[in-house]
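# Topology and contacts: notes
Below, each chain spelled out in residue letters.
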Amino acid sequence: FRSGIQSGPYENMVIYVDRGFANPTLTLNGAATNFSLTGTIYAPTALIKLNGNGATSVSAQIIAYDIQANGNGGALTVPYGSNDFFHLKGIGLVQ
């Protein structure tokens, strides 16, 4: 089981990739046991690959350029829990 940062300005952030990093690939691998991920993955220029066999649960807000989900022999569950996600605090301009 993996969850995001528990407190502070990046609460519930699991993975952060700077948008200036061009074309990265993030690969998250599960195994025959339960693989569970909760929180926010921010990787706006990335390809995210979710691989798993068996029970895989991804309760995540995923911000990415592209997502691939692969696996066999189990179920991919994507539950929604708004309290588990990163919430932007404050107001400002974005370039």
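The structure reproduced in this document is the subject of the present report. (Residues numbered from 1 in each chain as written. Predicted model: local features only at pLDDT ≥ 70, side-chain atom pairs only at ≥ 80, totals over all residues. Heavy atoms only, no water.)

For the chain, the count of helices and strands is 0 helices and 4 strands. Looking at the chain residue by residue over its 95 residues, the buried ones come to 31%. Summarising the internal contacts of the chain: among those between residues at least 6 apart in sequence, 31% fall at separations of at least 24. Total accessible area computed for the chain in this model is approximately 6300 Å², and 54% of it derives from carbon and sulfur atoms. (Helix = DSSP H or I, 4+ residues; strand = E, 2+ residues; numbered from the N terminus. Buried < 20%, exposed > 50% of the residue type's maximum accessible area, 1.4 Å probe, protein only. Contact = heavy atoms within 4.5 Å. Areas by Shrake-Rupley, 256 points an atom, 1.4 Å probe, with all protein chains shown as cover.)

Further remarks concern the nonpolar core. Ranked by size, the top nonpolar core spans 11 residues in total: Val-17, Leu-26, Leu-28, Leu-37, Ile-41, Ala-43, Ala-46, Ile-48, Leu-50, Val-58 and Ala-60. Of all the secondary-structure elements, those providing two or more residues to this core are strand S3 (25-29) and strand S4 (35-77). The leading source of residues in this core is S4, at 8 residues. When neighbours within four sequence positions are excluded, Leu-26 is seen to be in contact with Ile-15, Val-17, Ala-43, Leu-47, Ile-48 and Lys-49. (Core = buried A, V, L, I, M, F, W, Y, C linked by side-chain atoms within 4.5 Å.)

For Asn-53, the position within the fold is in strand S4. The exposure class of Asn-53 is partly exposed, given its relative accessible area of 34%. Along the chain, Asn-53 and Asn-29 lie 24 residues apart, while their C-alpha atoms are 8.8 Å from each other.

Bringing the environment of Phe-86 into the picture now. The residue Phe-86 is located in the segment after S4 in this model. Taking the C-alpha atoms as reference points, Phe-86 and Gly-39, separated by 47 residues in sequence, lie 6.8 Å from one another. Those residues in contact with Phe-86 that sit more than four places away from it in its chain are Pro-9, Tyr-10, Glu-11, Asn-12, Met-13, Thr-40 and Gln-61.

Okay, the packing of aromatic side chains next. What characterises a pair of aromatic rings is the spacing of the ring centres plus the angle enclosed by the ring planes. Following the criterion strictly, the structure yields 1 aromatic pair and no others. Consider the rings of Tyr-16 and Tyr-42, whose centres lie 5.3 Å apart with planes at 15 degrees: the pair is stacked. With a gap of 26 residues between them, Tyr-16 in strand S2 (residues 13-16) and Tyr-42 in strand S4 connect regions that are remote in the sequence. (Phe/Tyr/Trp six-rings, centres within 6.5 Å; stacked < 30°, edge-to-face > 60°.)

What follows is about unusual backbone geometry. If you check the backbone angles, Asn-12 has positive phi at about 75 degrees while not being a glycine. In this model, Asn-23 sits at a positive phi of 55 degrees, which is unusual for a non-glycine residue. Mapped onto the fold, Asn-23 is located in the loop between S2 and S3. Residue Asn-23 is classed as exposed on the basis of its relative accessible area of 67%.

Note that all results are geometric; they support no functional claim without further evidence.
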